[in-house]
Amino acid sequence: MTDFNNIFQSQQKFFLSQQTKELCFRKSNLKKLKHLLKENEPKLYEAIYTDFGKSKFDTFSTELNMLYLEIDYFLKNLNKLMKPRKIGTNLVNMPGSSCLYYDPLGCALVIGAWNYPYQITLLPVIDAMAAGCTCMIKPSEIPANTMRVMAEIINNNFAPEYLYVVEGGVPETTTILEFPFDKIFFTGSPKVGKIVYEAAAKNLIPVTLELGGKSPCVVTESADLKVAARRIVWGKFLNGGQTCVAPDYLLVHQSVKDELLKEIKERIQYSGYTEGAEQYVRIINERNFQRIMSLMDISKIYCGGKTDEKNLYIEPTVLDNISWEDPIMQEEIFGPLLPVLTYETFDNALKAILKLPKPLSAYLFTGNKKEKEQLISVIPFGGGCINDTIMHLINNNLPFGGIGNSGTGHYHGKYGFECFSHLKPVLDKATWGEPDLKYPPYTTNKEKWIERLMK
Ligand code: NAD
């Protein structure tokens, strides 16, 4: 195994050299990364297509373009973000001034999941670079070709003491998790998130966890059903349903269920997600194929259901008459199966959602303002959309992250910069004009003044 400890120590040393803190260092390396990604696009497309049949269109729109936008955001805003922020100073600290400094946390470790391998692994790396950190990067080993191409691009072009891609699986991750990083950023399942959290606790390392869960999608009787069907089908079956923020299940008002399902079926047919379609992503591997198949109750299929194990193809499948007790409602689906449940009153729909762990996302299709406000205030969820799915994630002015079982902390844009920074507050005091009040010996007169001033 590569001597990762040696690389980690070189990153610690490099961080202490202060170079990563320079604005021009950060910007020139962000530009370099963008240039390298652009230059290597054909290789990146080929690798991901080989791994799980992801098309060039999908790879550009859901992975590479998000990386370019994140880099462009920092190239435009980094000067402003890095500037110390003046904060008001209270009376007892006068004469003086208060300021917030954004300090890079130091040596970061980013561990990625497999489902959007470029975006999920490299977007936090961009945030870490913008914040002035060094970074050890552990992509998922499951899409082996994408892992290799990322390692090749980064390890051949950046010094290992600044950025280094670790190729490997559980043994390699277990080894590097023992190092005293200054920040760990993990994307993956809640199960592995707990392992990472525990390892980080041993060295008191701050952690961001981007996890998954069952994201509800509620459709009320006042929703525009055509729009809802189009946006749900897109969000659910994008990437073959292997999206952390995909609507996991539908909760529909019983009066509109039949019409909505008819619209959804038509939309699936129109989208051309047929066997052999270039535009439809395959299931990542045999293990996940079998896991998803075990959740497909064929007696409840409304539409879809075709599969081809050899080609890891599962047709977009809608399952009707699902109950909360069905196996499909006991775990995150992470595949192209859409279970449909119904509700009678909006209050009961919210109560049912509250019984499950806090989701990464929540979606509501409605024309009713009161229902929007109610869902937003009652349900704890990472982020979400009204009358759309997934698109909140594409706005890098919004923070992205989970809550509780679906994660802790957030990133993207300014929030990503803050995620890898320590907000260092400093009070700068004048050496003149200080009353003697706080210093002993204490007197009753001083006590009165202190009480008055500290109010
Ligand atoms: P995973 O938890 O199995 O793996 C994630 C990473 O952890 C991989 O790099 C893997 O090598 C490493 N890992 C696996 N087992 C480990 C162990 N025992 N010790 C140390 N490291 C280990 O997740 P996955 O299958 O790659 O991704 C699917 C999950 O990720 C889903 O739950 C999905 O919702 C979630 N996800 C979340 C987001 C988000 O932004 N919140 C994005 C994508 C995926």
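Structural data are supplied above this passage.
Heads up: these notes are all about the structure in this document.

Thresholds applied
- Residues numbered from 1 in each chain as written.
- Predicted model: local features only at pLDDT ≥ 70, side-chain atom pairs only at ≥ 80, totals over all residues.
- Heavy atoms only, no water.
- 1 Å grid on protein atoms, 1.4 Å probe; cavity = no way out; pocket = protein on both sides within 12 Å on 5 of 7 lines; lining within 4 Å.
- Points joined across faces, edges and corners; volume = space filled by probe spheres on them.
- Nonpolar A, V, L, I, M, F, W, Y, C, P; charged D, E, K, R; others polar.
- Salt bridge = Lys/Arg side-chain N within 4 Å of Asp/Glu carboxyl O.
- Helix = DSSP H or I, 4+ residues; strand = E, 2+ residues; numbered from the N terminus.
- Buried < 20%, exposed > 50% of the residue type's maximum accessible area, 1.4 Å probe, protein only.
- Contact = heavy atoms within 4.5 Å.
- Pairing = 2+ DSSP bridges.
- Axes fitted to C-alpha atoms, helices over the stretch in contact; angles between N-to-C directions.

## Looking at empty space enclosed by the protein
One pass over the structure, following the stated rule, counts one cavity of 30 Å³ or more. Here the largest cavity is characterised by a volume of approximately 50 Å³. Residue lining of the largest cavity: Gly 213, Lys 236, Gly 241, Thr 243, Cys 244, Ala 246, Pro 247, Asp 248, Glu 332, Ile 333, Phe 334 and Gly 335, and that is the complete set. When its residues are assigned to classes, the lining of the largest cavity shows five nonpolar, four polar and three charged.

## Remarks on the pattern of salt bridges
As enumerated under the stated definition, the model contains 14 salt bridges in all. Between Lys 300 and Asp 326 there is a salt bridge, and its shortest N-O distance comes to 2.9 Å. Taken together, the positions of Lys 300 in the loop between helix H11 (286-293) and strand S10 (301-303) and Asp 326 in the loop between strand S13 (317-319) and strand S14 (337-343) put the pair 26 residues apart, joining distant regions of the chain. Asp 326 sits in the buried class, given a relative accessible area of 13%. As a salt-bridge pair, Lys 414 and Glu 418 come within 3.9 Å of each other at their nearest N and O atoms. A residue pair is termed a helical-turn pair when its members lie 3 or 4 positions apart in one helix, as Lys 414 and Glu 418 do in helix H14 (residues 413-419) at four residues. Residue classification places Lys 414 among the partly exposed positions, given a relative accessible area of 33%.

## Considerations on the environment of Glu 167
Structurally, Glu 167 can be placed in the loop between strand S5 (163-165) and helix H7 (170-176). Looking at Glu 167, the relative accessible area reads 36%, which means it is partly exposed. Residues contacting Glu 167, with those up to four places away along its chain left out, are Met 147, Arg 148, Ala 151 and Glu 172.

## Here we look at the sheet that holds strand S1 (residues 85-87)
The strand order across the open sheet built from three strands is S1-S2-S18, with neighbouring strands paired in antiparallel fashion. Either end of the sheet is taken by a strand with one partner, and the two such strands are S1 and strand S18 (421-429). Looking at each pair of strands side by side, their axes are set apart by 30° on average, direction ignored. By the bridge criterion, nine bridges tie strand S2 (residues 96-104) to S18 in an arrangement that is antiparallel.

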